[in-house]
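Single-letter residue listing:
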Amino acid sequence: MKEIRVKKLFSYESSFFCRKYVNRIGTEALLIYNCRKPETDLTISRLPINNAEVITVTLETKRLILRAWEEADAEECYRYAKDPRVGPMAGWPVHTGVENSRQIIRDALMAPETYAIVLKETGLPIGSIGLHHNDLAQKDDEAELGYWVGVPYWGRGLVPEASRELLRHAFEDLKLARVWCGFYDGNEKSKRVQEKLGFRYQWTTENVPVPQLGETRKGHVNLLTKEDWAGMIVPYKPSPDDLWFRQTMLSDPETMSYNHAWGGTIPFPEQEWKDWYDFWITNHENRRFYRYLKNPADRFVGEIACHCDERRGIFLADVIIYAPCRGIGYGGRGLDLLCDAAKKNGVPALYDDIAVDNPAAALFLKHGFEEEYRTEEIIMLRKIL
């Protein structure tokens, strides 16, 4: 554990890439961290700020990299922010020159959880996206999503792509409960983006001050909760090349802690993948069902499965959520998806024998399972489909 003293601005806990850190303000920051090895799509770097260090996060999608803004980005920022079709509709004035953009990068865009949207094919920023605390998002577990992208890149789905990854980061990494997003009346592009992302309408306010432009407008406010986000996960049939994720889950002690009564982590070496895939996916014989769970950002977050226990003549359910992705609601949604799939495949009832000290029993009971019996070691649960 390394501790660096600086001034506090923004704090959160993240079980994904570090236990706890506090980000920066200006040229000072407080940073306390204990990092774990991150996933390949999330990079952690340390930037010197006067004799201190600050963790910055780089996120990645299929076409984009989301990284911290740098003063060297001023020319590219100005290239797009000088267009009157970009800033005014979002409530800020056009940039007047490269130095003006550089100052705005220093004063605003280098704020915590604000990212340059960088196109992979060029390596250059084309817009900005961020999570902010303000009048809408005042609680520690809330943020407001804001974004803009240069006009040449409109209509290519880049803002929804960047937003989904940042929302994943918000709910999974930062453990936020709610993300707000708004738009001014007439900004139909932003309205459509928010609808695509699953935001729900909350209210409309007349005469909202737009201080940077010295005017008032009608504003519309939308909200996305972590429950809404979890409700958008989908089942996905993995390919043989995707089995690295199952290996990662089964080898992770925190993910497999529920399985301590049966040995905890489970070896899943690559040489076994083909036989396992043939048995569970290719030749399932309607006796086995297996799917990954994918979040709206196209990331794997867990697995759902059921199989026929031939000796007892019952179908046993299995739901595993990767530990860094827990606490959002993926488990409950995954269990519902598994029950729906099993019913569609003609399974009359699902069972699960859960260790008595496994907190997942409460989740199963909440989603329609009933306790059949219990022993000193296990609880047998059943749901009629």
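On a predicted model such as this, the values are computed, not experimentally measured, just so you know. Along each chain, the written sequence defines residue order, and numbers are assigned to residues from 1. Per-residue local features of the predicted model are confined to residues with pLDDT of at least 70, and side-chain atom pairs are confined, for both listing and counting, to 80 or more; whole-chain, interface and lining totals are unaffected and use all residues. Note: side-chain values were computed over all heavy atoms of the structure, leaving out hydrogens and water.

> Even after reading the chapter, I still don't get the environment of P269, so can you show me in this structure?
Secondary structure elements are taken from DSSP: a helix is a run of H or I of four residues or more, a strand is a run of E of two residues or more, and numbering for both begins at the N terminus. Considering the arrangement of structural elements, one finds P269 in the loop between α7 (244–250) and α8 (273–282). For each residue, the accessible area found with a 1.4 Å probe, counting protein chains only, is set against the maximum for its type, and the residue is called buried under 20%, exposed over 50%, and partly exposed in between. With relative accessibility at 22%, the residue P269 sits in the partly exposed group. A C-alpha to C-alpha distance of 10.0 Å links P269 and S251, two positions 18 residues apart in sequence.

> Looking at this structure, I do not really get the pairing of strand β11 (residues 124–132). What am I missing?
Along a regular strand, successive side chains alternate from one face of the sheet to the other. Among the 9 residues of β11, 7 are classified as buried, and the element is accordingly described as predominantly covered. Pairing between strand β10 (residues 114–119) and β11: 6 bridges, direction antiparallel. Within β11, the residue paired with Y115 across the bridge is I129. Here, strands pair whenever DSSP counts at least two bridges between them. Examined bridge by bridge, β11 and strand β12 (residues 142–149) share 6 bridges and lie antiparallel to one another. Looking across to β12, one finds that I129 is bridged to Y147.

> Before we go on, may I ask you to explain the sheet that holds strand β16 (residues 234–236) in this structure?
Read from one edge to the other, the open sheet built from 7 strands follows the order β16-β17-β18-β19-β20-β22-β21, with strand pairing classed as mixed. Across the chains shown, the open sheet's two edge strands, defined by having one partner strand only, are β16 and β21 (370–374). Neighbour-to-neighbour, the strand axes of this sheet turn through a mean angle of 30 degrees, independent of strand direction. Across 3 bridges, the pairing between β16 and strand β17 (residues 288–294) is antiparallel. For helices, the fitted axis covers only the stretch in contact; all axes are lines through C-alpha atoms, and the angles between them, taken along N-to-C directions, range from 0 to 180 degrees.

> Got a minute to help me understand the packing of aromatic side chains in this structure?
Note on aromatic pairs: each is described by the distance of the centres and the angle between the planes. When two rings of Phe, Tyr or Trp (its six-membered ring) have centres within 6.5 Å they constitute a pair, described as stacked for plane angles under 30 degrees, edge-to-face for angles over 60, and tilted for the intermediate range. Inspection of every chain in the model, using the stated rule, returns 19 aromatic pairs. Between W280 and Y290, the ring centres sit 6.3 Å apart and the planes meet at 65 degrees, which makes this aromatic pair edge-to-face. With W280 in helix α8 and Y290 in strand β17, this residue pair connects regions lying 10 residues apart in the sequence. Each member of the pair, W280 as well as Y290, carries the same accessibility label: buried. Connected via pairs of aromatic rings, a cluster forms that spans Y236, W244, F245, F268, W273, W276, F279, W280, Y290, Y292, F300 and Y322. Sitting over the face of the ring of F268, R246 holds its NZ or CZ atom 5.0 Å from the ring centroid. The rule for a charge over a ring is simple: NZ of Lys or CZ of Arg within 6 Å of the ring centre, and within 35 degrees of the ring normal. Lying over the aromatic face of Y236, K294 brings its terminal NZ or CZ to 4.1 Å of the ring centre.

> Would you explain the packing of helix α1 (residues 74–81) against helix α3 (residues 98–109) in this entry?
Each pair of packed helices can be summarised by the angle the axes make with each other and by the distance between the axes. Running from amino to carboxyl end, α1 crosses α3 at an angle of 105 degrees, the nearest separation of the two axes being 8 Å. Comparing their axes, α3 and α1 come out roughly perpendicular. In this structure, α1 uses A74, E75, C77 and Y78 to contact α3, whose residues at the interface are V98, S101, R102, I105 and L109. Polar here means any residue outside two lists: the nonpolar Ala, Val, Leu, Ile, Met, Phe, Trp, Tyr, Cys and Pro, and the charged Asp, Glu, Lys and Arg; Gly therefore counts as polar. The residue makeup of the contact of α1 with α3, split by class, is 6 nonpolar, 1 polar and 2 charged. Roughly parallel means an angle under 35 degrees; roughly antiparallel means over 145; roughly perpendicular covers 65 to 115; every other angle is labelled oblique. When checking whether two residues touch, look at their non-hydrogen atoms; a contact exists if any pair is within 4.5 Å.

> Just checking my understanding: could you explain the nonpolar core for this structure?
It is characteristic of soluble globular proteins that their nonpolar side chains tend to be buried jointly. Counting residues in each nonpolar core, the largest one holds 91 residues, and the members touching the most others are I129, L145, V179, Y330 and L350. I314, A349, Y351 and I378 belong to the second-largest nonpolar core, a separate cluster that totals 6 residues. The set of buried Ala, Val, Leu, Ile, Met, Phe, Trp, Tyr and Cys residues whose side-chain atoms join them within 4.5 Å is what this entry labels a nonpolar core.

> What is the right way to read the confidence of the model for the protein from this model?
Regions with low pLDDT should not have their predicted coordinates read in detail. Known as pLDDT, the predictor's confidence for each residue is given on a scale from 0 to 100. The share of residues in the protein with pLDDT of 70 or more is 85%, and the mean pLDDT across the chain is 86. Contacts of residues 1–54 to residues separated by more than four positions or lying in other chains number 140 contacts, the stretch itself having pLDDT below 50.

> So what exactly am I meant to see when it comes to the pairing of strand β13 (residues 178–184) here?
Of all 7 residues in β13, 5 are buried, a share of seventy percent or more. Summarising the sheet, β12 and β13 pair through 3 bridges and their orientation is parallel. Of the residues in β13, the one forming a bridge with E144 is W180. A crossover counts as right-handed when, viewed with the strands pointing away from the observer, the path leading from the first strand over the helix to the second turns clockwise. Taken together, β12, helix α4 (residues 158–173) and β13 constitute a β-α-β crossover, and its handedness is right-handed.

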